[in-house]
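# Reading the structure
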Amino acid sequence: MASPSLPSLTLGYVPGGTPAKWARIWAERHPDIRLELRAVLAARAADEVRAGHLDLALIRLPTDTSGLAVIPLYEERTVAVVPTDHVLTAGDEITADDLVGEPTLIPLDDVVVWTDAPGAPVEHRPENTESAIELVAAGMGALIVPQSLARLHHRKDLTYRPIVDAPACQVALALLDGPQSEPVEQFIGIVRGRKPGSSRAQTQPAPKRTAREKTLAKQAARAAAGKVARTPGRTGRGR
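Residues numbered from 1 in each chain as written. Predicted model: local features only at pLDDT ≥ 70, side-chain atom pairs only at ≥ 80, totals over all residues. Heavy atoms only, no water.

Going by what an unreviewed UniProt entry lists, the protein chain is known as LysR family transcriptional regulator and is assigned to Mycolicibacterium iranicum. Per UniProt, the comment on the protein chain under Sequence similarities (unreviewed entry) is "Belongs to the LysR transcriptional regulatory family." (UniProt positions renumbered as here; feature names shortened; annotations may be inferred.)

Here it is, written out as structure tokens:
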């Protein structure tokens, strides 16, 4: 385990975010720099990065990203959470039309951006998704969320169904716009799948050779070609 006295990098993540894989890779490659994971509300994630409280954050789009550099990561399916005995569970997937007229709960921390979403919104808006889940279990309506939130708040009396024609929920990595520290660059490399030992520096063009270096290289190539031509017994294909 890394010591608290080591240099650190702080990564925020919204509910349903899954930074575990990247955290594991970071610990393997950079045991000398502690990665601190910090849960943050979706509505506050971008502000926390802008304020310097987080070095990077997994955020949900769309949101205000002014002053930030944003790296899209993946899209999540949008699902409807309902009781296990609900009529919508008859199939493996549903469509927006299946939700027409269905009471739907919209919590104050709702993160699904869906203009003209189907359903009949319940007048009472729960304080957060966790509270909305309780109301779904009580039979007050369905809840439309990214699939990761449905999994996060899983309970035996509830299930969910993907909505095939709903907009996807985009997850991205956000950081302050501008030059980055080496640890931040290294973390970006991990997120992008860069292999151990590789770096941005290694992707830079090789320095140009001098005229003398070019001449010596040509001479070496000609000498090598002459040796091949004089090697006994060499024949071309088809002869």
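What follows deals with the sheet that holds strand β2 (residues 34-39). Strand order in the open sheet made by the five strands is β2-β1-β3-β10-β4, with mixed pairing throughout. Of all strands in the sheet, those bounded by a partner on one side alone are β2 and β4 (68-76). Averaged over all adjacent pairs, the angle separating strand axes in this sheet is 25 degrees, with direction ignored. For β4 and strand β10 (residues 169-176), the ladder comprises eight bridges, and the chain directions are antiparallel. Of the residues in β10, the one forming a bridge with Ala-69 is Leu-175. Strands in contact with helix α1 (residues 20-29) are β1 (8-13), β2, β3 (56-61) and β4; relative to β2, the strand with the most contacts, it is inclined by about 165 degrees. (Pairing = 2+ DSSP bridges. Helix = DSSP H or I, 4+ residues; strand = E, 2+ residues; numbered from the N terminus. Axes fitted to C-alpha atoms, helices over the stretch in contact; angles between N-to-C directions. Contact = heavy atoms within 4.5 Å.)

With that out of the way, let us pick up α1. Along α1, the residues that are buried comprise Trp-22, Ala-23, Ile-25 and Trp-26. Looking down the long axis of α1, one finds its buried residues gathered within 165 degrees of arc, a one-sided arrangement. Set apart from the buried face of α1 by more than 90 degrees, the exposed residues are Ala-20, Lys-21 and Glu-28. Contact partners of the buried residues in α1: β1, β2, β3, β4 and α5 (182-191). (Buried < 20%, exposed > 50% of the residue type's maximum accessible area, 1.4 Å probe, protein only. Arc of directions from axis to C-beta.)

Bringing α5 into the picture now. When you tally the buried positions in α5, you get seven out of 10 residues, the bulk of the element. Of the residues making up α5, those classed as buried are Val-184, Glu-185, Phe-187, Ile-188, Gly-189, Ile-190 and Val-191. Buried residues belonging to α5 abut β1, α1, β2, β3, β4 and β10. At the exit of α5 stands Gly-193, carrying a positive phi of roughly 85 degrees.

The next thing to look at is the sheet that holds strand β5 (residues 78-83). Judged by pairing direction, the sheet is mixed, and its five strands sit side by side in the order β7-β6-β8-β5-β9 without closing on themselves. Lying at the two open borders of the sheet, with one neighbouring strand each, are β7 (120-121) and β9 (158-162). Two elements, β5 and β9, share five bridges in a ladder whose sense is antiparallel. Note on β9: the bridge partner recorded for Val-79 is Pro-162. Together, β5, β6 (103-105), β8 (142-146) and β9 form the strand contacts of helix α3 (residues 129-137), whose direction differs from that of β8 by roughly 140 degrees.

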